[in-house]
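Each chain is listed here by its residues.
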Amino acid sequence: MSAGATATGDPTLGPVWKRASWYAVLSALSVLVLFPIYMTIVRALSTPRDYVQRGQPLYPVAVQPDIFGRAWTQGDLGRQMALSAVVTAIIVTAQLTTSILSAYAFSFLQFRGRTAMFYLFMATLMLPLEVTLIPNVDTVQSLGWFNSIQGLTAPFLATAFGTFLIRQGFLGIPRDLRDAAALDGFGHLAFLWRVAIPITRPVVASFGVIAFLSAWNQYLWPRAIVNEAKWNTIQIGLKNVGAANVDEMNIGVAAAIIAALPVLALLIFLQRHLVRGLTAGAVKG
Amino acid sequence: MLADVVSVSVSRVLFEDVTKSFGEVVAVDSLDLEVIDGEFLVLLGPSGCGKTTVLRMVAGLETVTQGTLRIGNRVVNDVEAKDRDVAMVFQSYALYPHMNVRKNIESPLVARHFSVDGGAPRKLTASERSQRITQAAETLGLASLLDRKPAALSGGQRQRVALARAIVSRPAAFLMDEPLSNLDAKLRAETRLELVELHRKLGTTIIYVTHDQVEAMTMADRIAVISDGRLQQVGAAQEVYDRPSNLFVAHFMGSPPMNTFEATVAGGGREGEVTGAAGRVRIDAGPAISLPPVGSRVVVGVRPEHLRSQGHGQQGRQQEGLRARVSAVEWLGYERHVICDVAGRTITLREPAEGQAPNLGEEIYLDVVANHVLLFDPATSERIP
Amino acid sequence: MTKPLAVPVDEDHVRSRRRSIKDTMLGLAFLGPSAVIFTAFFFYPLYRLVWLGLHQQNRTGTRERWVGFSQYADTLTSADFLDGVRISATYVLYTVPLGLVLGVLLAVVADRKLRGIKVFQTIFASTVASSVAVASVIFFVLINPQVGYFGDVSFLSLSDPGSALRGVALSSVWQNLGLTFIIVLAGLQAIPAEINEAATLDGYGPFRRFWRITIPLISPSLMFLVVVLTVFAFQAYAQVDILTGGGPAGATETLVWKIFSDKEPSQYGEGAVMASGLFVITLGVTLAQFRILEKRVHYGA
């Protein structure tokens with residue numbers, strides 16, 4: 001979503017009717033994309049029964065003005081959000097730290113076995129959580145980490161994706177700059193902190209956004225190692241929407257809207273980094 | 001021992017049989033070279049000849065494979081870059097893009113220890129640093145740019161920042177790796193003069209790498225010509241130009257390059273003759289030199305400016321010198337280059353752009369200024385003394 | 001070679017060998033944290049997975065016996081596993097082509113110079129803000145058979161075994177639309193303007209230009225999306241968990257669902273074998289991607 005320097009359409013803006021028809025197409029597609037979100041907001045405002053009884057209208061009926069407040073208290077969203085926030089903060093901080101450190105080792109330190117280590121690290125990219133989950137649940141259980149912060153975060157404190165991405169950034173630092181830093185007497189830590197990280201800040205930021213997104217949105221892992229309601233993250237809390245009494249179903253729907261808000265804010269304020277992070281995967285292949 | 005330390009000039013750089021190899025590839029081969037304290041020495045050679053590797057070894061960015069490298073009287077083979085008391089200006093300038101000009105200039109002062117007024121090395125205080133930055137910035141006319149980032153500077157300004165960053169640490173020697181190659185022609189000529197001026201002002205040793213002989217000849221106290229990792233010749237610009245020690249230097253220095261062709265010594269003594277396919281050339285070898293025996297094969301070298309064309313366009317003139325056919329004439333305003341075919345070899349003649357130029361295809365005769373002819377041994381390529 | 005014996009050498013300066021030892025120590029320190037995590041939660045589980053596959057546990061999970069490869073043979077040919085593979089593969093077919101076509105459509109339409117185009121681009125990208133769980137709740141509102149707005153559309157009905165998977169798939173298509181759009185748009189914007197101008201000068205109309213120029217040039221992005229969306233589809237779990245719970249009549253029991261739906265300890269081995277099967281499938285898709293990308297590099301060079 002960077003400034004659209006190129007356009008597949010005509011390079012000129014074209015005549016008015018042509019522009020108008022593009023706006024029409026864009027608007028129609030926007031309605032298609034946004035319709036589910038609109039319906040979710042509408043349906044959060046009142047119970048399903050109200051809508052069914054009135055023949056499924058597209059507009060809000062019998063609005064319950066306090067619905068988001070009720071969702072917040074009844075669904076214990078405060079606790080769930082706080083837990084998700086803590087878990088996400090730990091995971092993002094840890095992933096940034098471990099990825100930066102290992103990316104640095106793979107980019108600027110010479111030692112035996114470096115290449116082999118790199119391939120081992122990258123091999124973990126081929127192991128989705130779904131594959132290793134059964135043994136990992138065993139491990140976490142035997143450590144007594146069910147229903148705990150440690151359990152929710154431990155497997156995600158390091159990621160090869162971040163290592164790869166940040167290493168690409170580090171390798172883009174010109175050799176002359178490293179040489180200049182050597183003459184300036186910067187040791188590895190000083191070079192990392194004063195030069196490497198500031199220069200690759202866009203890459204680091206993009207990765208941070210992606211790390212946030214995947215940590216906040218986690219579902220399978222917390223579902224597997226949490227069996228007490230008070231350790232439910234916000235995403236797991238959403239599971240109960242279908243189990244609820246039909247007259248309270250819209251509470252779960254309202255909760256889903258609240259759950260999506262932090263990421264929505266991220267999309268709006270950090271769109272540039274988010275887009276770069278998401279497309280970095282495509283560039284990487 | 002202490003007397004030694006004091007007596008030896010601090011910024012001499014001495015290579016003793018220095019070799020650098022990267023695996024199988026020998027980049028620098030048994031280099032013996034002394035860079036004299038305070039001189040402006042240019043390492044000149046074609047790209048890939050090893051000159052940059054020589055510089056990087058001095059900087060401590062490459063290790064020395066074999067031999068001894070000294071800065072001052074200290075063997076620095078195992079000394080880290082930051083402790084060598086040298087500053088480097090890179091071809092790309094290597095400015096930190098995220099720091100402003102002030103921070104860039106300051107960067108060599110932050111982590112290193114300096115001996116102030118002969119005291120024990122220590123870190124500089126903030127006020128000492130800012131004083132040095134101000135001084136360096138003023139020297140290079142950067143005072144008004146201190147808060148800008150490199151991206152907001154012109155190429156010439158970036159180059160100055162790189163220089164300021166080098167002088168701020170007051171090093172024993174400056175190492176410069178083609179620092180002017182990213183500037184446009186006009187700015188390059190100006191900066192050449194400024195560098196010479198800076199060198200005169202600071203009196204610090206400069207080792208300067210370039211492939212551009214104009215830079216070398218205009219700035220250097222001495223030029224060290226390097227090819228294939230070997231030192232070919234070292235000397236003042238005039239000396240290297242006038243008396244190249246071998247065919248490589250003869251061909252590399254000068255534009256257009258020296259003309260060379262094979263010939264046989266026809267008459268001995270101080271003033272002799274050689275004959276080649278295209279005719280005879282008289283040689284005045286000078287008092288100290290004797291020609292090889294009659295019948296020896298030699299390579300004759302003549303600079304384009306030491307050839308004279310016999311009045312072309314005239315008929316029935318004497319037919320002496322080298323018979324040549326004009327194949328092209330290049331006009332440069334103040335002079336012209338006449339490119340001729342002499343018995344299958346291309347010979348270039350440089351003459352003032354006066355009078356009528358020879359016509360294409362015309363047959364002319366070239367005279368050689370006898371006391372400027374050089375002879376080379378065809379087997380070794382070395383100049384015959 | 002002269003020996004530097006007579007010359008003062010600063011003792012505290014690090015020799016290059018010492019420097020390499022320093023590099024090694026620092027390297028190990030920097031890689032250490034990641035290595036610990038990877039060992040504990042990636043490599044050790046891989047070993048455990050094989051071990052579990054080769055053993056069978058008793059009902060309480062307190063004892064196990066070696067059963068060798070028979071458990072692999074039995075599980076991988078079992079109706080349960082093959083059913084999971086079939087359902088997951090069908091899920092891929094429902095989600096990947098449709099998602100890709102819609103994503104390309106949105107990107108092509110949104111890749112033009114118009115005032116306010118950024119607003120539309122943000123709208124089209126907006127579904128990345130939704131997690132799988134949120135998307136599932138959104139589609140619960142839309143297609144739940146009892147209360148959903150489209151609850152009585154039989155093509156998507158979650159209460160009919162024949163159509164339930166399509167309903168679940170639709171939530172995935174919508175949820176992945178933002179990601180697909182962002183990546184295709186980036187691919188389109190990377191096409192140099194001169195190429196489109198040259199094609200226009202060559203007399204290519206919009207449709208021919210799209211098929212002959214645009215699609216080939218964004219094919220790396222499309223290839224990447226095919227792989228990512230396929231892997232996502234094979235990992236589908238949350239949408240099943242929230243929308244159908246695997247039903248009706250097991251019609252939406254994807255492979256991952258089958259692996260994790262609450263198992264007795266005696267079925268751990270089976271789950272492990274299925275997870276290995278999932279691993280092989282994911283690996284195959286990823287390796288295929290690398291091979292195709294390699295070809296692309298040769299083609300492009």
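A quick note: this is a predicted structure, and the numbers were derived from the prediction, not measured.

Calculation criteria
Residues numbered from 1 in each chain as written. Chains lettered and ligands numbered in written order. Predicted model: local features only at pLDDT ≥ 70, side-chain atom pairs only at ≥ 80, totals over all residues. Heavy atoms only, no water. Helix = DSSP H or I, 4+ residues; strand = E, 2+ residues; numbered from the N terminus. Buried < 20%, exposed > 50% of the residue type's maximum accessible area, 1.4 Å probe, protein only. Pairing = 2+ DSSP bridges. Contact = heavy atoms within 4.5 Å. Axes fitted to C-alpha atoms, helices over the stretch in contact; angles between N-to-C directions. Salt bridge = Lys/Arg side-chain N within 4 Å of Asp/Glu carboxyl O. Domains from an automatic or database assignment. Buried area = accessible area lost by both parts, 1.4 Å probe. Polar contact = N/O pair within 3.5 Å; in protein donor to acceptor, adjacent residues only side chain to side chain.

(A) Just the overall build of chain C, in detail. Counting its secondary structure elements, chain C contains eleven helices and two strands. In chain C, the order of α-helices and β-strands from amino to carboxyl end is α-β-β-α-α-α-α-α-α-α-α-α-α. Taken over 301 residues, chain C has a buried fraction of 53%.

(B) Geometry of unusual backbone geometry. Residues and elements named next belong to chain B. In this structure, Pro 256 follows Ser 255 across a cis peptide bond, with omega equal to -5 degrees. Here Pro 256 lies in the loop between helix 9 (247–252) and strand 11 (259–267). One non-glycine residue, Asp 17, lies in positive phi territory at about 55 degrees. As for its position among the elements, Asp 17 is in strand 1 (residues 13–22). The phi torsion at Ser 381 lies on the positive side, around 70 degrees, for a residue other than glycine. Structurally, Ser 381 is set in the segment after strand 20 (374–376).

(C) Structural detail: the sheet that holds strand 2 (residues 25–35) of chain B. All names here are of chain B. A sheet is described by the order of its strands in space; here four strands give the open sequence 2-1-4-5, paired in antiparallel fashion. A single partner strand is all that each edge strand has here, and the edge strands are strand 2 and strand 5 (74–75). Note that strand 1 and strand 4 (residues 66–71) share five bridges and pair antiparallel. Paired with Val 13 across the two strands is Ile 71, which belongs to strand 4. Here helix 2 (residues 51–59) sits on the sheet and contacts strand 1, strand 2 and strand 4; the angle it forms with strand 1, its principal contact strand, is near 115 degrees.

(D) Up close: the pattern of salt bridges. Scanning the model with the defined rule gives 27 salt bridges over all chains in all. One salt bridge connects Arg 350 of chain B with Glu 305 of chain B, and the closest N-O pair in it is separated by 3.2 Å. Of the two residues, Arg 350 of chain B sits in strand 18 (residues 345–352) while Glu 305 of chain B sits in the loop between strand 14 (297–302) and strand 15 (307–309), which places them 45 residues apart along the sequence. Judged by relative accessible area, which is 21%, Glu 305 of chain B ranks as partly exposed. A salt bridge links Asp 83 of chain C to Arg 86 of chain C; its shortest N-O distance comes to 2.8 Å. Remark: Arg 86 of chain C and Asp 83 of chain C occur in helix 3 (residues 79–110); sequence separation between them is three residues, near one turn of the helix. A residue is classified by how much of its surface remains accessible, and Asp 83 of chain C, at 24% relative accessible area, is partly exposed.

(E) Up close: the domain arrangement of chain C. Residues and elements named next belong to chain C. The domain architecture assigned to chain C consists of domain 1 (14–53) and domain 2 (70–296). On a C-alpha basis, the centroid separation for the pair domain 1 and domain 2 is 35 Å. On the domain 2 side, the residues contacting the five residues of domain 1 number eight residues. Interface area, domain 1 with domain 2, both sides summed: about 490 Å², of which 68% is carbon and sulfur. Contact with domain 2 buries surface across domain 1, with Leu 49, Leu 52 and Gly 53 losing the most and accounting together for 82% of the total.

(F) Representation of helix 4 (residues 117–125) of chain C. Buried residues of helix 4 of chain C: Ile 117, Phe 120, Gln 121, Ile 123, Phe 124 and Ala 125 of chain C, and no others. Contacts from the buried residues of helix 4 of chain C go to helix 1 (16–44) and helix 14 (249–269) of chain A together with helix 3 and helix 6 (164–189) of chain C.

(G) Molecular detail of the interface of chain C and chain A. Contacts between the two partners involve 97 residues from chain C, matched on the other side by 95 residues from chain A. Between chain C and chain A the total buried area reaches about 8,600 Å² when both faces are included, carbon and sulfur atoms providing 74% of it. Counting the surface chain C buries against chain A, the share from its top three residues, Phe 30, Leu 31 and Phe 41 of chain C, is 9%. Seen at the junction of chain C and chain A, the total is three salt bridges. For Lys 239 of chain A, the salt bridge is made with Asp 241 of chain C, and the minimal N-O distance between the two is 3.4 Å. Summed over the shared surface of chain C and chain A, the result is nine residue pairs in polar contact (both at pLDDT 80 or more). The greatest single-element share of the side of chain C that touches chain A, amounting to 22 residues, is contributed by helix 1 (residues 16–54) of chain C.

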